[in-house]
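What follows is each chain in one-letter form.
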Amino acid sequence: MPCLMDVASTFNSQRDPSELKEALTDLDAWHAIPLLNYTPLHKLKDQTLVRFRGMIQDMMDPEIYLECYEVKSTDGSKRLQHGKYHDCLKLAAGEAIDYNADSNVHGERRTLFVVSVPGLNDWTKQHESKCSPQPQLVSQTQSPNNAKKRTLDDQEAMEVEDDNDAALKRKCVDTTKSTSDDATAAAPAVLGSEYLINSPLPSRPSMACMVKVYEDFDSYKLNSLVDFVGILSVDPSLDAATIDTEGFDSLSELQAAHPSPFLIPRLHAFGVRQLPHANPLLDKSLQQPADPGASEDPPQSSVHKDLRMLLKLCLFDDDLAAEYLLSHLISSVYSRSEMQSIGKFALNICNLPKESLAEYTTKLYQVLELLLPASHYLPMSLETMNTAAFAPKKDYETNKLVSGMLQLAPHTHLVLDETCMQQGKLEANGVHAVQHLAHLINSQELKCDFQYYQIDYHVNIPVLVLSEGRSMLPSDFVLPINADTKAVQLLDESLKAAHHYLQPARLQQFRKYLTLARISPFNVSDEHTEMIQQDFVDMRKANAKSNADDLHGLLVLSRLLGIARGKDALDKETWQLATEFEAKRRQRLQALPKSAAQLRN
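Residues numbered from 1 in each chain as written. Predicted model: local features only at pLDDT ≥ 70, side-chain atom pairs only at ≥ 80, totals over all residues. Heavy atoms only, no water.

- Per an unreviewed UniProt entry, the protein chain carries the name Mini-chromosome maintenance complex-binding protein and comes from Drosophila madeirensis.
- Per UniProt, the comment on the protein chain under Sequence similarities (unreviewed entry) is "Belongs to the MCMBP family."
- Here the protein chain is described in UniProt, under the heading Subcellular location (unreviewed entry), as follows: "Nucleus". (UniProt positions renumbered as here; feature names shortened; annotations may be inferred.)

**Considering a nonpolar patch on the surface**
- Taken together, the side chains of Tyr-396, Tyr-452 and Tyr-453 make up a nonpolar region of the molecular surface, amounting to roughly 380 Å² of accessible area.
- When its relative accessible area of 43% is taken as the criterion, Tyr-453 is described as partly exposed. (Patch = residues over 30% accessible without salt bridge, like charges linked within 9 Å, V, L, I, M, F, W, Y side chains within 5 Å. Areas by Shrake-Rupley, 256 points an atom, 1.4 Å probe, with all protein chains shown as cover. Salt bridge = Lys/Arg side-chain N within 4 Å of Asp/Glu carboxyl O. Buried < 20%, exposed > 50% of the residue type's maximum accessible area, 1.4 Å probe, protein only.)

**A look at the environment of Pro-62**
- With respect to the element layout, Pro-62 can be found in the loop between β1 (49–59) and β2 (63–72).
- Considered as a pair, Pro-62 and Thr-111 are 49 residues apart in the sequence and their alpha carbons are 7.2 Å apart.
- Excluding anything up to four places from it in sequence, Pro-62 contacts Glu-108, Arg-109 and Arg-110. (Helix = DSSP H or I, 4+ residues; strand = E, 2+ residues; numbered from the N terminus. Contact = heavy atoms within 4.5 Å.)

**Focus: the pairing of strand β10 (residues 266–274)**
- Pairing of strand β8 (residues 208–213) with β10 involves three bridges; the strand directions are parallel. Bridge pairing links Met-210 to Arg-266 in β10.
- Bridge count for strand β9 (residues 225–233) against β10 is eight bridges, and the pairing is antiparallel. Bridge assignment links Val-229 to a residue of β10, and that residue is Gly-271. (Pairing = 2+ DSSP bridges.)

**What to know about the pattern of salt bridges**
- Counted according to the given criterion, the structure contains 24 salt bridges.
- Here Arg-565 makes a salt bridge to Glu-323, at a shortest N to O gap of 2.8 Å. You can see Arg-565 sitting in the loop between α20 (548–564) and α21 (572–591) and its partner Glu-323 sitting in helix α12 (residues 319–329), a full 242 residues away along the chain.
- The exposure class assigned to Glu-323 is buried, which follows from its relative accessible area of 2%.
- A single network of salt bridges, built from pairs that share partners, joins Arg-51, Arg-53, Glu-128, Asp-227 and Asp-283.

**Considerations on helix α17 (residues 491–501)**
- Of the positions making up α17, those classed as buried are Leu-491, Ser-494, Leu-495, Ala-498 and Tyr-501. Viewed end-on, α17 has its buried residues packed into an arc of 120 degrees, placing them on one side of the element. Of the exposed residues in α17, the ones pointing more than 90 degrees away from its buried face are Lys-496 and His-500.
- Looking at the buried positions of α17, the neighbouring elements they touch are α11 (300–314), α13 (357–371), α16 (485–489) and α18 (504–518). (Arc of directions from axis to C-beta.)

**Topic: the side chain of Lys-394**
- With respect to the element layout, Lys-394 can be found in strand β15 (residues 393–395).
- No salt bridge is formed by the buried Lys-394, whose closest oppositely charged neighbour, Asp-58, lies at an N-O distance of 5.0 Å.
- A polar contact is formed between the side chain of Lys-394 and the side chain of Asn-399, at a distance of 3.3 Å.
- Leaving out residues up to four positions away in the same chain, Lys-394 has contacts with Asn-399, Lys-400, Leu-401, Asp-449 and Phe-450. (Lys, Arg positive; Asp, Glu negative; His and termini not counted. Polar contact = N/O pair within 3.5 Å; in protein donor to acceptor, adjacent residues only side chain to side chain.)

**With respect to a negative patch on the surface**
- Together, Asp-61, Asp-249, Glu-253 and Glu-397 make up a negatively charged patch on the protein surface.
- By the secondary structure assignment, Asp-61 is in the loop between β1 and β2.
- What makes Asp-61 exposed here is its relative accessible area of 51%. (Charge placed at Lys NZ, Arg CZ, Asp CG, Glu CD.)

Given below as structure tokens:
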């Protein structure tokens, strides 16, 4: 089993990088590599083997580089130098690159701008941090005790590399040193660190890393979650402030493409794992910390019952609301057609008691963020709607996709608090914000503004809207709360009891359950398809206004109710439960004042 030292020691510019990839097929080797997300840069050296986990926020232009180049010495001798996984070309004193040599090989690489997962909740960060090994700070020249861990071939190769490193100077460092002080001073800092890091949620800043990939370019999707392993590059000469700016039309674009590596480090990736979710408790790419007190997880039916009871406690003792909220928490877009995103479950919980509005929504969110790996609470105040950036927008001055609050990773739960809205005027930005939110809810797509055109990107963001009356935003299911009078009076005590109920062991069960339920498969047999078709015919006879949207809603709800109860296929009992719940929900809607219930759903 390769340890961190063994894996790291195989990297040098003379060896085939496929050896590194092969070593990383062993999960133990992957686990042993420190996470850049939780390791301060001052504890890591340039060219260290590291990992970075995050969301692809932007994709930069292709880059052509010298994968292999010929170096000439003053004595006439020549040698080949490999440039892959390096930002700077290496030259010894008196050496020069022969750019016209037939042996030169050019390659293409892409730079992905990756940010740590936006909206990652505190418990998720704490657990990931525990999974990150402490870096072993070692010099390039190994001690005899360390060297004996390697084969003879490894020692000989590293000796060559160490000798080169002792004599070589990086070409880009040498170039910047040769420029005049005036030229260096001509590159002032024109962009702030907040703009450069480009966090989708400015109130919860992310860490950023520029990841350079060398293959499978089409496999990377905007907003997807990825775990990268690669070589850290933090050479000071990568900073735009050290580059001769003569000939550059835009200093802003230069600095955006070459920020300080100590603010935004570079990583040359050769190991990649696409992450299906952000829950670290179920992530095989993380080495789970030892837990002596851990016990076997209880049956799913038992966890479902306990979680439903918890949600009921937080929802004014409303059992139906607990069922719908639980369905929302495990929902996911599992299929797409040209017209629909199938599986989405945007939920509007309305009719919240006026006497509880002051702090209820934030207290409910505090419970939800303990359960979910990633989420974000967005108060829809006039100030927020009129001033905040909601959708990404291309800045052609810097050639950068400037993020917005809705650029979130898959399965990041967005909680919109409409009770924060005051009387006033929505300005142009506010109107656009509502449009972006409505489009996200209806289509599970995010519009990115490229100034001359817009592009829709697929997202998978469950949206929960909390409102006093019916929300002005669209939703798949509108559920008026049926608040028990006594439960309203005892709300504070109920929420305290809910937090007390969430002991560490039970919290871990709930967190695992919600993620496992969301990714669970579910089937509908031909027999039950016929049953559903017949029920829909009966629904149309009973209510001529029933349409395909009603049927789709029932199918989504029945699927989630079945998954929540540990089933992998639809049965008659679950279908009847869904139709019963929908009948109750529609009765509540009809009981609302006409001004609040005039719209469908």
